[in-house]
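Reading the structure
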Amino acid sequence: MKRVFSGVQPSGELTLGNYLGAIRNFVSFQHEAECFFCVVDLHAITVPQDPEDLYRRTLDIARLFIASGIDPDIATVFVQSHVSAHAELSWLLECNTYIGELRRMTQFKEKSEGRETVSAGLFTYPVLMAADILLYDTDEVPVGEDQKQHLELTRDLAQRINQRFGPVFKVPEPYIPPKDSGGRIMSLTDPTKKMAKSGDDRSSIALLDSPSVIAKKIKGAVTDSGREVRYDVEEKPAISNLMVIYSLCSGDSLETIADRYGASGYGKFKADLADVVISTLEPIQKRYQELTEPGVIEEILAQGAQRAERTAQVVLNRFREKLGLVPRRS
Ligand code: AQP
């Protein structure tokens, strides 16, 4: 059976961008592949995090995975730092990664910009991501478009190591939805930037935002000049982004939406979009509430970590052996 791995960082409140670009696809993959879905807490600490927020968000993201439709009896849901093989493989891979390769990573450039100090972890982050993926002999990685370059590095590392030491890693393929199918949901306040967890609060819709907050954010979303609702990424980037959100939440095609709202102006379109988003998130929020009972998510994550560890250890040992590291006697 095909293997799928993907992760989400607890670096902020989960957004509609994370849901439409990644998590929604996790849900469909679980029925056709052996899936590993991970809350990648070690990635989040590459930039400063408030410990209390990090703790809460880690559990919240796991709850939201399940509330979105991931079944923990089918897919393995776990926290990255619970499986120490991730950090160990990351070091072994770092010793096979070139500094020049990491310098080319655009996300590092974006995330380090304007910071007074930048951690070494932020620089080597793509190697930890490669470790996450390669540890599970992953065939396919469902991610948003922003992760494409990191996936390419993962593939390069796997190929380089396989060439040097003989077969060790499976070379994974990315699964990136096209832009008009959620691969890149843009900010509500600036359609040239992607919607991000760590962005300004008004720029994104959080999965746990209340209906009134969602309606307010959509009402305040920037629009383009004119009043025609039309999909045109060059001329109407803001409306096109809102149309993609509408389409993914309702199942209506972009053409149907353009026909329905083309001439009715932005106001009516935005009001209906708010309703569509609210009704998409309502069942997820309801299910999330049921998972807040103490101990429930912790138990799911404990079982997930045990399952993940069994698979990860096999792959880690395979590489350790190829490298000539002496195994510990048990
Ligand atoms: N705007 C987006 N549109 C489509 N997909 C997106 N993803 C993120 N933003 C969008 C996808 O969500 C998954 C989880 O992302 P992540 O937690 O690994 O980190 P990220 O890509 O850096 O996400 P954010 O929301 O932008 O977080 P911050 O602000 O902390 O950097 C990934 O598959 C990602 O592609």
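Attention shifts here to the site of the ligand. Around the ligand, the surrounding shell holds 23 residues, and the nearest of these are Ser11, Asp146, Lys194, Lys197 and Ser198. Between the ligand and the protein, one listed contact pairs an oxygen atom with a side-chain N or O atom of Ser11 at 2.6 Å. Side-chain polar atom of Gln147 to an oxygen atom of the ligand: 3.1 Å apart, as the coordinates give it. Elements with a contribution of two residues or more to the shell around the ligand: β1 (3–8), α1 (16–29) and α6 (106–112). Counting residues per element, the shell around the ligand draws most heavily on α1, at four residues. Of the residues contributing to the shell around the ligand, the split by class is six nonpolar, 12 polar and five charged.

Okay, the pattern of salt bridges next. Inspection of every chain in the model, using the stated rule, returns 23 salt bridges. The partner of Arg320 in a salt bridge is Glu88, with the nearest N and O atoms 2.9 Å apart. Taken together, the residues span a long stretch of sequence, with Arg320 in helix α13 (residues 296–323) and Glu88 in helix α4 (residues 85–94) at a distance of 232 residues. Classification of Glu88 as partly exposed rests on a relative accessible area of 31%. Note that Asp200 and Arg202 form a salt bridge whose closest N and O atoms lie 2.8 Å from each other. Accessibility expressed as a relative area gives 54% for Arg202, which makes it exposed. Salt bridges here are not isolated pairs; linked through shared partners, they connect Glu13, Asp53, Arg56, Arg57, Asp60 and Arg63.

Cut-offs applied
- Residues numbered from 1 in each chain as written.
- Predicted model: local features only at pLDDT ≥ 70, side-chain atom pairs only at ≥ 80, totals over all residues.
- Heavy atoms only, no water.
- Near = heavy atom within 4 Å.
- Polar contact = N/O pair within 3.5 Å; in protein donor to acceptor, adjacent residues only side chain to side chain.
- Helix = DSSP H or I, 4+ residues; strand = E, 2+ residues; numbered from the N terminus.
- Nonpolar A, V, L, I, M, F, W, Y, C, P; charged D, E, K, R; others polar.
- Salt bridge = Lys/Arg side-chain N within 4 Å of Asp/Glu carboxyl O.
- Buried < 20%, exposed > 50% of the residue type's maximum accessible area, 1.4 Å probe, protein only.

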